[in-house]
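The lines below spell out each chain.
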Amino acid sequence: LSGFCYIPFIFLCTRHVIKNINSFSWLILPFLVAQFILSAHMPTIFLTSVFFLIVFSVWRFLYKPPQLSRETKIKIMIIVLISLGLSFIQLLPTFEYFTQSERGNLIKLFSTTKTGLNGYNFIQFIQPYFYGDIRNGTYSLINNSPNFWESFNYIGILPFILAILSLFYIKKNKRIALFWIVIIILIILAFEGNSPFYLFYALPPLSFFHIYVRFLPYIFFLLILLTGFVYQRIVDRWVSKLLFKYL
């Protein structure tokens, strides 16, 4: 959980560096990434670096390609090298353990396809204790898989409703459509062995981790961003009018 706290700041800093390639803000990014690696779980680091930071950066460059000078390319290399250098004290022992574990093989056919979310887990978006409360022992770990806290999907009723309302803004803002496409992809991946794409989990790099529940925080992250978008539209359209009218 401590690692997830760094994710919004890493995204914010990465976005700022991409938009302001000549600023000195790129010096902050390696320390954020290093702290994230030192405090987070390896599947979380993998998902953030590969599925999000790299994909986000590539999409941003393709959408609005900047002119990368030789100095900029050097900065990018320095960011990567400093980030790795500051976190090698964690990465090297982790790599050693990985080579000795059962996940060390490239292909693990059917070893990671026995688990995954089920449709009933998403009821917890509305009622987190629908299947019982782990705190008082009413949640059965035998009858419910995965673990209660790993599949905990609750972000609040109002944020969830506001996120759903963002669907009405798709025609006005194409980015919302992109957000929902990513959310749907992440949901499908979170089903792992219960999804039609379970064979991907037998192949690297997905075969390296017990990973499916790690997709959930990124779903939350995107839903919260959509919630903020709708909330801002409500404030701009209704609250501002009321304040202007009565104050």
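Scope of this entry: the structure provided in the associated data block. Bear in mind the structure is a predicted one, so any value in this text is a computation, not a measurement. (Residues numbered from 1 in each chain as written. Predicted model: local features only at pLDDT ≥ 70, side-chain atom pairs only at ≥ 80, totals over all residues. Heavy atoms only, no water.)

1. Section: the overall build of the chain
(1) Moving on: Helix and strand counts for the chain come out as seven helices and zero strands.
(2) Moving on: For the chain, the N- to C-terminal ordering of α and β elements is α-α-α-α-α-α-α.
(3) Moving on: For the chain, the proportion of its 247 residues judged to be buried stands at 37%.
(4) Moving on: Partitioning the contacts of the chain with sequence separation of at least 6, the portion at a separation of at least 24 is 74%.
(5) Moving on: As displayed, the chain has an accessible area near 15,400 Å², and 70% of this comes from carbon and sulfur atoms. (Helix = DSSP H or I, 4+ residues; strand = E, 2+ residues; numbered from the N terminus. Buried < 20%, exposed > 50% of the residue type's maximum accessible area, 1.4 Å probe, protein only. Contact = heavy atoms within 4.5 Å. Areas by Shrake-Rupley, 256 points an atom, 1.4 Å probe, with all protein chains shown as cover.)

2. Points about the packing of aromatic side chains
(1) Moving on: For the coordinates displayed, the defined rule picks out four aromatic pairs.
(2) Moving on: Between Phe125 and Phe160, the aromatic rings sit 5.6 Å apart at their centres with planes inclined by 20 degrees, giving stacked as the arrangement. In this pair, Phe125 sits in the loop between α4 (70–100) and α5 (157–165) while Phe160 sits in helix α5, placing the two residues 35 residues apart along the sequence. This pair shows no difference in class: Phe125 is buried, exactly as Phe160 is.
(3) Moving on: The interplanar angle of 75 degrees and the centroid separation of 4.9 Å between the aromatic rings of Phe130 and Tyr131 together place this pair among those described as edge-to-face.
(4) Moving on: Look at Tyr131 and you get partly exposed, because its relative accessible area is 24%.
(5) Moving on: By way of ring pairs, the aromatic residues Phe125, Phe160 and Phe220 are connected into one cluster. (Phe/Tyr/Trp six-rings, centres within 6.5 Å; stacked < 30°, edge-to-face > 60°.)

3. Focus: a nonpolar patch on the surface
(1) Moving on: Among the surface-exposed residues, Ile126, Tyr154, Ile157, Ile161, Leu165 and Phe168 lie close enough to one another that they form a single nonpolar patch of about 560 Å² accessible area.
(2) Moving on: Following the sequence through the fold, Ile161 ends up in helix α5. (Patch = residues over 30% accessible without salt bridge, like charges linked within 9 Å, V, L, I, M, F, W, Y side chains within 5 Å. Salt bridge = Lys/Arg side-chain N within 4 Å of Asp/Glu carboxyl O.)

4. Here we look at the nonpolar core
(1) Moving on: In terms of nonpolar packing, the biggest core is built from 44 residues, with Phe125, Ile183, Phe215, Ile219 and Leu223 touching the most fellow members.
(2) Moving on: Only α1 (7–19), α2 (29–39), α3 (42–63), α5, α6 (174–190) and α7 (216–246) provide two or more residues apiece to this core.
(3) Moving on: If one sorts the elements of this core by residue count, α7 sits on top with nine residues.
(4) Moving on: Dropping the residues within four chain positions of it, Phe215 is found in contact with Leu47, Leu186, Leu189, Ala190 and Tyr201. (Core = buried A, V, L, I, M, F, W, Y, C linked by side-chain atoms within 4.5 Å.)

5. Here we look at the side chain of Asp133
(1) Moving on: Relative to the assigned elements, Asp133 resides in the loop between α4 and α5.
(2) Moving on: Judged by relative accessible area, Asp133 falls into the buried class, the value being 10%.
(3) Moving on: At a separation of 2.7 Å, a polar atom in the side chain of Asp133 contacts the side chain of Arg135.
(4) Moving on: For Asp133, the contacting residues outside a window of four places in its chain are Thr138 and Tyr139. (Polar contact = N/O pair within 3.5 Å; in protein donor to acceptor, adjacent residues only side chain to side chain.)

6. Points about the packing of α2 against α4
(1) Moving on: Two elements in contact, α2 and α4, have axes whose closest approach is 8 Å; the angle formed by their N-to-C orientations is 25 degrees. As far as their axial angle goes, α4 and α2 are roughly parallel. Here the hand of the crossing between α2 and α4 comes out right-handed. Residues Leu29, Pro30, Phe31, Val33, Ala34, Ile37 and Leu38 of α2 touch α4, and the partners they reach there are Ile79, Ile82, Ser83, Leu86, Ser87, Ile89, Gln90 and Leu91.
(2) Moving on: Looking at the contact of α2 with α4 residue by residue, the class counts come to twelve nonpolar, three polar and no charged. (Axes fitted to C-alpha atoms, helices over the stretch in contact; angles between N-to-C directions. Parallel < 35°, antiparallel > 145°, perpendicular 65-115°, else oblique. Left-handed = near helix turned anticlockwise from the far one by under 90°. Nonpolar A, V, L, I, M, F, W, Y, C, P; charged D, E, K, R; others polar.)

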